[in-house]
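Inside the fold
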Amino acid sequence: MATTDSHRFLTAEEKKIVESKDVHEEETEFYSKDKKLVIGGVTLEESEQKKYGPFKARSDGDVLYHSVVNALLSALGDKKARDIGTLFPNTDKANSNRNSSDFLKAASELIQASNYELADLKVMVKGKPRLDWQLVEKNLLNYFKSQKLTPDIHVQATSGEEMDGAGKGLGVEVFAVCLLQLKTLDQSKFLA
Ligand SMILES: C[C@@](CO)(OP(=O)(O)O)[C@H](O)COP(=O)(O)OP(=O)(O)OC[C@H]1O[C@@H](n2ccc(N)nc2=O)[C@H](O)[C@@H]1O
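Position numbers for residues count from 1 along each chain, tracking the sequence in the order it is written. Whole-chain, interface and lining totals are the exception, using all residues; otherwise, since this is a predicted model, local features are given only for residues with pLDDT of at least 70 and side-chain atom pairs are given and counted only at 80 or more. Values reported for side chains reflect all heavy atoms of the structure, with hydrogen atoms and water molecules removed beforehand.

1. So, the packing of helix α3 (residues 63-76) against helix α5 (residues 101-112)
Quick note on the threshold: Convention adopted: a line fitted to C-alpha atoms gives each axis, helices being fitted over their contacting stretch, and angles between N-to-C directions are expressed from 0 to 180 degrees. Each helix is a run of DSSP H or I of at least 4 residues and each strand a run of E of at least 2, with the numbering of both proceeding from the N terminus. An angle below 35 degrees is read as roughly parallel, one above 145 as roughly antiparallel, one from 65 to 115 as roughly perpendicular, and any other as oblique. The hand of a helix crossing depends on one turn: near helix anticlockwise from the far one by less than a right angle means left-handed, and clockwise means right-handed. The contact definition used throughout considers only heavy atoms, calling two residues in contact when any of these lie within 4.5 Å. Note that Gly is not counted as nonpolar here; it falls among the polar residues with everything else outside the nonpolar set of Ala, Val, Leu, Ile, Met, Phe, Trp, Tyr, Cys and Pro and the charged set of Asp, Glu, Lys and Arg.
Taken N-terminus to C-terminus, the directions of α3 and α5 make an angle of 20°; their axes are 9 Å apart at the nearest point. It follows from the interaxial angle that α3 and α5 lie roughly parallel. Read as a crossing pair, α3 and α5 show a hand that is left-handed. Taken together, the residues of α5 that come into contact with α3 (itself represented by Tyr65, His66, Val68, Val69, Leu72, Leu73 and Leu76) are Ser101, Phe103, Leu104, Ala107, Leu110 and Ile111. For the contact of α3 with α5, the residue count by class is eleven nonpolar, two polar and no charged.

2. Some remarks on the environment of glycine 40
Relative to the elements of secondary structure, glycine 40 occurs in the loop between β2 (38-39) and β3 (42-43). Separated by 88 residues in sequence, glycine 40 and lysine 128 have C-alpha atoms that sit 15 Å apart.

3. Observations concerning the packing of α5 against helix α6 (residues 133-146)
Between α5 and α6, the least distance of the axes is 10 Å, while the angle of their chain directions is 50°. Accordingly, the angle class assigned to the pair α5 and α6 is oblique. In terms of crossing hand, the pair formed by α5 and α6 is right-handed. Within the contact between the two elements, α5 uses Ser101, Leu104, Lys105 and Ser108 and α6 uses Leu140, Tyr143 and Phe144.

4. Here we look at the site of the ligand
Our working definition: We call a residue near a molecule or strand as soon as one heavy atom of that residue lies within 4 Å of the molecule or strand. Whenever a nitrogen or oxygen atom comes within 3.5 Å of another N or O atom, the pair is scored as a polar contact, on the condition that within protein one atom can donate a hydrogen and the other can accept it, and that pairs from neighbouring residues in sequence are kept only if both atoms are in side chains.
For the ligand, the set of nearby residues contains 16 residues, the closest of which are Arg58, Ser59, Gly85, Phe88 and Asn90. With respect to the ligand, the side chain of aspartate 83 contributes an N or O atom lying 3.0 Å from an oxygen atom. In this structure, asparagine 90 approaches the ligand through a side-chain N or O atom, which is 2.9 Å from an oxygen atom. Looking at the shell around the ligand, the element that brings in the most residues is helix α4 (residues 84-87), giving three residues. When the residues that make up the shell around the ligand are grouped by side-chain class, the tally is five nonpolar, nine polar and two charged.

Next comes the structure, spelled out in structure tokens:
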């Protein structure tokens, strides 16, 4: 039975079962042959895909975008939009294989409707998959620009040193911190 542990890779056993199912063109709720591992809107290269398989997730499983959405929702503090799962339940088939940029769009629209602008976004990725993090940064910058938001963005990565699930390659953890700033802030009074 697929669990809703949404950012775990398929275990070797699960992958074997699903691949064998795949032979009969069957697809499970969380895994389909065309589901690629994507982090920060960047799809991993085939060689990396083979090592890890896709995330087990209702949506496209982009754990970096999900973490950024949760950071934005946390900074906004709207109790009705507490977190990503409140806005986009993984029990909702509408989120099946959904592009996680949809979730970023929803969070960006909440910021646009607020008294705040997005000043800073800092991301730390922990896990084994290697990506061009500069490309992820560019992706995020372009995305937010399309939403009329211009945060300073910095993305880092660490292996997790085999110490825990992410470090052992069972999945990827992403920590995101953002700074919202009042749109009406008159910065001149801070300039000496
Ligand atoms: C992003 C989505 C899109 O469908 O799922 P995936 O595509 O990763 O599967 C969902 O928004 C899902 O995000 P995520 O929050 O990571 O999923 P889960 O860990 O399963 O938690 C789902 C929701 O259950 C609630 N929750 C979870 C754990 C907990 N101890 N208490 C809770 O109340 C939270 O509201 C959380 O948002």
